[in-house]
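# Working through the structure, step by step
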Amino acid sequence: MYVCGPTVYDVPHLGHGRFSLVFDVLRRYLEFRGLDVHYVSNITDIDDHIITRASAEGRTEGEVAAQYEEVWWKAMDALGVLRPSDTPHATAYIDKMVTLVGDLVARGLAYETDDGVYLSVDRIDGYGLLARQPLDSLRAGARIDPGEHKRSPLDFALWKRAKPGEPSWASPWGEGRPGWHTECVVMSLDLLGDGFDLHGGGIDLAFPHHENERAQAVGLERPFARHWVHNGWVMVGGEKMSKSLGNFTSLTDLLGRADARAYRLLVLRAHYRSPIEVTPATVDQAEKSLARLDDLARRFALSAPAGGLTAPRAVEAGADADAVASFVACMDDDLDTPGALAGIFELSRQANVAADAGDAALGARLATTVVILCAVVGVALAGAGVEVDGPTAALVAERDAARAAGDWARADQIRDELTGAGWVVEDGAEGTRLHR
Ligand SMILES: [Zn+2]
């Protein structure tokens, strides 16, 4: 699968977080189903925004791109997004892009003007397929920017001739740089081959970006993506955009103020094609739901299993086979994550009910299933793995002994001491449980 990555000129926004999570979940799920996923996601490290920022800040384009790429990976790591198999950089593919543009020119599908090379979309069969609109209505909505010397509003730049002072590479059409749409078609076909399975991105990329990638492949008579997957918008609540109401200004801002897993849960709660609302209120709600799952993992002292889970291995690791089958049925249905998540919360409820009723074995089996299925979609529940130092562990042991002996005063005294040291103290059947 190929997913359009970021242009690295600024901190990532909430929409970047959503597409990264959606495709991370899809990738994890495909691997869970036993598929060998080759996941390519590019880094656009040269483009107009990068050039503008570099010139405004008196830095090189390379410095700007390197800085924001680092910010990008930091955010992805915080979100728990697995690194793609390949992360090609546009500047490493310029030669191949020049070759591709040359092929399109040689076929008479592209033409040179004084500012670069453009693809003539009238020459492409089925142009407008991803936009789901006829060419005439697309043409009516398109415009030609000043400085763009193209024949028709829908034609797009394959090569942009450099202006003085801009970074540039040599080409048969003069010094310049490739257009954005050329980058992704070259890198996806190069790394995944013709007729690769799946091309993804946010719905805002369907047209013109993906349409234009596809147009180049069609022009070259090369089979392109067999499936397209586009995720929905991120909404932040219209007039509630103002900072005074505490809305998140960027993904980096959200990650600094909330549990990263809560954003993943929020994304999973909606179908990937639906819009989602990301506000402090919805993130707070997601954090509360997450706390219920963490509580369950803590109650049964379970932590997320290590990676590399497949469906059969999940059952071997103790997940309930029927529950896994229901989860798979939801996820196979166009990635119905809301349905899958509802199933997980129902299992969580049943696990607590069973444990409350004294059926520890059933409770543990259901809780194990919850922890494993959460791990499949990238939500690591924090159950075990709480670091307790020696003196604290000794206090816990003393408290359990006091309770066993019926010395409630001493037990309460130790609880207060632990609470004062920042621990949350819970009494379980198996003794005192601590978490931060
Ligand atoms: Zn792209």
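Check the entry above for the structure.
Residues numbered from 1 in each chain as written. Predicted model: local features only at pLDDT ≥ 70, side-chain atom pairs only at ≥ 80, totals over all residues. Heavy atoms only, no water.

## Comments concerning the overall build of the chain
Counted only if it meets this: A run of H or I in DSSP becomes a helix once it reaches four residues, and a run of E becomes a strand once it reaches two; helices and strands are each numbered from the N terminus. Exposure is judged per residue with a 1.4 Å probe applied to protein chains only, and the accessible area is read against the type maximum: over 50% gives exposed, under 20% gives buried, and values in between give partly exposed. We call two residues in contact whenever any of their non-hydrogen atoms come within 4.5 Å of each other. In these tables, accessible area is a Shrake-Rupley quantity obtained with a 1.4 Å probe, and a residue counts as shielded only by the protein chains included in the view. When charges are counted, neither His nor the chain ends are considered; positive counts come from Lys and Arg and negative counts from Asp and Glu. Charged side chains are reduced to one point each, which is NZ for Lys, CZ for Arg, CG for Asp and CD for Glu.
Secondary structure summary: the chain contains 16 helices and twelve strands in total. Principal axes of the C-alpha set define a box for the chain whose edges measure 90 × 50 × 40 Å. The 436 residues of the chain split such that 50% are buried. Partitioning the contacts of the chain with sequence separation of at least 6, the portion at a separation of at least 24 is 74%. By element, 53% of the accessible surface of the chain is carried by carbon and sulfur atoms, the whole surface being about 19800 Å². Between the averaged position of the 43 positive side-chain charges in the chain and that of its 64 negative side-chain charges there is a distance of 2 Å.

## Structural notes on unusual backbone geometry
For residues other than glycine, phi is negative in most cases, and the peptide bonds are mostly trans. With an omega of 5 degrees, the peptide bond running from F207 to P208 counts as cis. By the element assignment, P208 lies in helix α7 (residues 206-219). You will see that D334, though not glycine, has its phi angle at about 55 degrees, which is positive. D334 sits in the partly exposed class, given a relative accessible area of 32%.

## Overview of the pattern of salt bridges
For clarity, the cut-off: By salt bridge we mean one thing: a side-chain nitrogen of Lys or Arg within 4 Å of a carboxyl oxygen of Asp or Glu.
As enumerated under the stated definition, the model contains 31 salt bridges in all. Close ionic contact of E398 with R410 constitutes a salt bridge, the shortest N to O distance being 2.7 Å. In this pair, E398 is assigned in helix α15 (residues 390-404) and R410 in helix α16 (residues 408-420), connecting sequence segments twelve residues apart. With relative accessibility at 21%, the residue R410 sits in the partly exposed group. If you follow the salt bridges from partner to partner, you end up with D10, R53, E57 and R59 in one network.

## Concerning the sheet that holds strand β5 (residues 156-161)
To keep it simple, the criterion reads: Pairing between strands is defined by DSSP: at least two bridges between them are needed. The axes are straight lines fitted to the C-alpha atoms, using for helices just the contacting stretch, and the angles between their N-to-C directions are given from 0 to 180°.
Strand order in the open sheet formed by four strands is β3-β4-β5-β6, and the pairing between neighbours is antiparallel. Either end of the sheet is taken by a strand with one partner, and the two such strands are β3 (110-113) and β6 (176-178). Adjacent strand axes in the sheet meet at a mean angle of 20 degrees, parallel and antiparallel pairs treated alike.

## A word on a nonpolar patch on the surface
The criterion, for reference: Patch building starts from residues that exceed 30% relative accessible area and form no salt bridge, then joins like charges within 9 Å and nonpolar side chains (Val, Leu, Ile, Met, Phe, Trp, Tyr) within 5 Å.
A cluster of nonpolar side chains, namely I203, W233 and M235, defines an oily patch on the protein surface of about 300 Å² accessible area. Within the secondary structure, W233 is located in the loop between β8 (227-231) and β9 (234-235).

## Observations concerning helix α9 (residues 260-269)
Quick reminder of the rule: Here a polar contact is recorded for every N or O atom pair within 3.5 Å, except that within protein the pair must consist of a potential hydrogen donor and a potential acceptor, and residues adjacent in sequence are included only if both atoms are side-chain atoms.
By the criterion of burial, α9 is predominantly enclosed, with nine of the ten residues buried. If you check which residues of α9 are buried, you get A260, R261, A262, Y263, R264, L265, L266, V267 and L268. One side-chain oxygen of the residue at the start of α9 lies 2.8 Å from the amide nitrogen of R261, identifying that residue as D259.

## Quick word on the packing of helix α1 (residues 14-32) against helix α12 (residues 321-332)
As a reminder, the rule being used: The scheme is simple: roughly parallel for angles under 35 degrees, roughly antiparallel for over 145, roughly perpendicular for 65 to 115, oblique for anything else. Helix crossings are classified by the rotation of the near helix relative to the far one: an anticlockwise turn of less than a right angle makes the crossing left-handed, while a clockwise turn makes it right-handed. Think of it as three bins: nonpolar holds Ala, Val, Leu, Ile, Met, Phe, Trp, Tyr, Cys and Pro, charged holds Asp, Glu, Lys and Arg, and polar takes everything else, Gly as well.
For the pair α1 and α12, the least separation of the axes is 12 Å and the interaxial angle reads 130 degrees. When the interaxial angle is binned, α1 and α12 end up oblique. Remark: the crossing between α1 and α12 carries left-handed chirality. Two secondary-structure elements touch here, α1 through V25, Y29 and F32 and α12 through V324, F327, V328, M331 and D332. The residue inventory of the contact of α1 with α12, partitioned by class, reads seven nonpolar, no polar and one charged.

## Digging into the sheet that holds strand β7 (residues 198-202)
The parallel open sheet is built from four strands, whose spatial order is β2-β1-β7-β8. A strand with exactly one partner marks an edge of an open sheet, and here the two such strands are β2 (40-41) and β8. As paired elements, β7 and β8 share five bridges and run parallel to each other. Its bridge partner lying in β8, G200 is registered against V229. Against the sheet, α1 makes contact with β1 (2-3), β7 and β8, and its axis sits at roughly 135 degrees relative to β8, the strand it touches most. Relative to β7, α7 is tilted by about 155 degrees, and along the sheet it contacts β7 and β8.

## Some thoughts on the coordination of the zinc ion
Put simply, the test is: Think of the donor list as every N, O and S atom within 2.8 Å of the metal, or within 3.2 Å for Na, K and Ca; water never makes the list, so a site can look incomplete.
Every protein donor of the zinc ion is listed here as C4 (SG), C184 (SG) and H209 (NE2), and their distances to the metal cover 2.0 to 2.1 Å. Here the donor residues of the zinc ion are spaced in sequence according to C-x179-C-x24-H. On the criterion of sequence distance, the pair formed by C4 in the loop between β1 and α1 and C184 in helix α6 (residues 180-192) is long-range, its members being 180 residues apart. Across the pair, exposure class does not vary: C4 and C184 are buried alike.

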